[in-house]
Amino acid sequence: MVANVALAFGPLFVRLSDVGPVAAGFWRIALAAPILVAMAFAGGWRPAGVAKGVWIAIAVGGLCFAADLASWHIGILKTSLANATLFGNSATLFFPVYGFLIARAWPSRMQGFALLLALVGAALLMGRSFQIAPEHLAGDLLCLLAGFLYTFYFAAMARARDTMAPIPALAVSTLASALPLLLFAMFMREQVMPHHWTPLIALALASQVLGQGMMIFALGQLSPLVVGIGLLIQPVVAAAIGWIGYGEKLDGVDLIGAVLVAIALVLVRRARSDPQELAPEGVAEA
């Protein structure tokens with residue numbers, strides 16, 4: 001819950017920054033990296049002894065996270081805060097599906113119905129966005145792509161969390177994200193150097209240090225099903241921010257779409273009540 005509330009403020013800080021959207025992603029990483037690395041070493045972590053497979057998982061996770069941030073930040077400027085956060089967190093659906101595949105078990109009827117219901121709700125939101133302003137559709141699709149990439153990041157970091165503590169895992173994946181974001185921002189010819197640092201510092205602290213830090217911790221304690229459900233908190237908070245700060249009011253169709261997604265996620269959570277199925281291996285009996 002802490003992670004998702006903190007992460008929901010990310011789109012606001014991206015809009016408030018005076019650099020390009022991809023450059024904002026770079027500064028989110030660059031400003032947070034020294035703090036995370038210092039925290040990792042202060043906690044006694046050392047890179048020696050980390051298995052090669054874990055390094056590969058973290059590297060892949062870092063690249064996916066860089067691509068996720070680039071796509072999402074561009075999309076944030078092209079659609080509403082609520083839609084950007086909803087579609088940017090479509091890992092809400094994708095990550096539980098990944099969990100099903102890893103468990104080699106098809107979803108139950110209730111879970112399948114819940115996922116279908118969520119897709120209908122997302123379609124309503126995207127369709128309404130296009131109806132109000134056709135240019136929002138491009139932003140919605142970019143944020144949806146970001147959510148897909150976010151799922152791969154989650155999967156890679158869940159693999160790393162099998163043997164690494166959350167802060168070292170986040171610190172190393174953060175470092176792996178920095179250079180790709182900088183290169184892409186330069187390729188896009190964005191303004192990279194800011195005149196005002198406050199939004200970028202807030203973005204780094206709220207989204208990367210606090211939000212992403214708590215999220216990586218949760219990945220080692222909870223199943224993909226529960227993590228996916230928790231992501232629903234972000235669109236709710238972001239919609240409130242957009243309504244208060246930018247007058248981005250939700251109409252009836254938007255609310256129906258959001259409610260369908262909410263119902264779907266509740267059904268997914270209720271579809272399996274066995275505690276052993278709601279936590280990763282080694283956690284349920286702890």
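A brief structural summary. Sequence positions are assigned chain by chain, starting from 1 and proceeding in written order. The model is predicted, so local features are restricted to residues of pLDDT at least 70 and side-chain atom pairs to those at 80 or more, both for listing and for counting; the totals for chains, interfaces and linings are taken over all residues. Side-chain metrics rest on all non-hydrogen atoms present in the structure, leaving aside hydrogens and water.

Attention shifts here to the overall build of the protein. Labels follow the DSSP assignment, with helices taken as runs of H or I lasting at least four residues and strands as runs of E lasting at least two, numbered in each case from the N terminus. Along the protein, the regular secondary structure elements total 13 helices and zero strands. Reading the secondary structure of the protein in the N-to-C direction produces α-α-α-α-α-α-α-α-α-α-α-α-α. Only protein chains enter the calculation, and the probe is 1.4 Å; a residue is then buried if its accessible area is under 20% of its type maximum, exposed if over 50%, and partly exposed in between. A burial count over the protein gives 53% of its 286 residues as buried. For the protein, long-range pairs separated by at least 24 residues make up 89% of all intrachain contacts whose partners lie at least 6 apart in sequence. Total accessible area on the protein is roughly 13200 Å²; 72% of this is exposed by carbon and sulfur atoms. It only takes one pair of heavy atoms within 4.5 Å for two residues to be counted as in contact. Methods summary: accessible areas were calculated by the Shrake-Rupley approach with a probe of 1.4 Å, and residue burial reflects only the protein chains presented.

Here we take up the nonpolar core. When a protein is soluble and globular, its nonpolar side chains tend to lie buried together. For this analysis, a nonpolar core means a set of buried residues of the types Ala, Val, Leu, Ile, Met, Phe, Trp, Tyr and Cys, connected via side-chain atoms within 4.5 Å. Of all hydrophobic cores here, the largest spans 60 residues; its most connected members are Tyr-153, Phe-154, Leu-181 and Met-215. It is helix 4 (residues 52–76) that contributes the most residues to this core, ten residues altogether. In contact with Leu-181, not counting residues within four places along its chain, are Val-22, Gly-25, Phe-26, Ile-29, Ala-66, Leu-69 and Ala-70. Membership of the second largest hydrophobic core comes to six residues, among which are Leu-117, Ala-118, Leu-260 and Ala-264.

A separate point is a nonpolar patch on the surface. Each patch is built from salt-bridge-free residues with over 30% relative accessible area, joining like charges within 9 Å and nonpolar side chains (Val, Leu, Ile, Met, Phe, Trp, Tyr) within 5 Å. Any Lys or Arg side-chain nitrogen located within 4 Å of an Asp or Glu carboxyl oxygen qualifies as a salt bridge. On the surface, a nonpolar cluster with roughly 520 Å² of combined accessible area is contributed by Ile-35, Met-39, Met-193, Trp-197, Ile-201 and Leu-205. Every element with two or more residues in the nonpolar patch is listed here: helix 3 (21–42) and helix 10 (198–219). Take Ile-201: it is sitting in helix 10. Judged by relative accessible area, Ile-201 falls into the partly exposed class, the value being 40%.

Next up on the list: the side chain of Ser-173. Here Ser-173 shows up in helix 9 (residues 166–187). Not counting chain neighbours up to four residues away, the residues in contact with Ser-173 comprise Ile-58, Gly-62, Tyr-153 and Met-157.

Assignment of secondary structure puts Ala-202 in helix 10. Relative accessible area serves as the criterion here: at 23%, Ala-202 is assigned to the partly exposed category. Not counting residues within four places of it along the chain, the set of residues in contact with Ala-202 comprises Phe-13 and Ser-207.

One fewer than the residue count of a helix, multiplied by 1.5 Å, yields its expected span. A rise of 1.5 Å per residue sets the reference length of helix 9, with its 22 residues, at 32 Å; its end C-alpha atoms lie 32 Å apart and thus fit the reference within 8%. Within helix 9, the full set of buried residues consists of Pro-166, Pro-168, Ala-169, Leu-170, Ala-171, Val-172, Ser-173, Thr-174, Ser-177, Ala-178, Leu-181 and Ala-185. In this structure, the buried side of helix 9 is in contact with helix 3, helix 4, helix 8 (136–160) and helix 10. Following helix 9 by one or two positions, Arg-189 has its phi on the positive side, about 55 degrees.

Aromatic contacts are taken between Phe, Tyr and Trp rings whose centres are within 6.5 Å, Trp giving its six-membered ring; a plane angle under 30 degrees counts as stacked, one over 60 as edge-to-face, and the others as tilted. For the structure shown, the criterion picks out ten aromatic pairs. A centroid spacing of 5.7 Å and a plane angle of 70 degrees characterise the contact between Phe-41 and Trp-45, whose relative ring orientation is edge-to-face. One aromatic cluster is present, formed by Phe-65, Tyr-150, Tyr-153 and Phe-154 through successive ring pairs.

How two helices sit against one another is set out by the angle between their axes and by the gap between those axes. In this description, a line fitted to the C-alpha atoms serves as the axis of each element, helices being fitted only across the stretch in contact, and the angle between N-to-C directions of two axes falls anywhere from 0 to 180 degrees. Look at helix 9 against helix 10: their axes get within 9 Å of each other, and the N-to-C directions meet at 125 degrees. With respect to helix 10, the element helix 9 is oriented oblique. At the point where helix 9 passes helix 10, the crossing takes the right-handed sense. Mapping the contact onto sequence places Pro-166, Ala-169, Leu-170 and Thr-174 in helix 9 and Gln-208, Gln-212, Gly-213, Ile-216 and Phe-217 in helix 10. Its residues assigned to classes, the contact of helix 9 with helix 10 shows five nonpolar, four polar and no charged. Each angle is binned into one of four classes, with values under 35 degrees roughly parallel, values over 145 roughly antiparallel, values of 65 to 115 roughly perpendicular, and all other values oblique. Left-handed describes a crossing whose near helix is turned anticlockwise from the far helix by less than a right angle; the clockwise case is right-handed. Charged residues are taken to be Asp, Glu, Lys and Arg, nonpolar residues to be Ala, Val, Leu, Ile, Met, Phe, Trp, Tyr, Cys and Pro, and polar residues to be all remaining types, Gly included.

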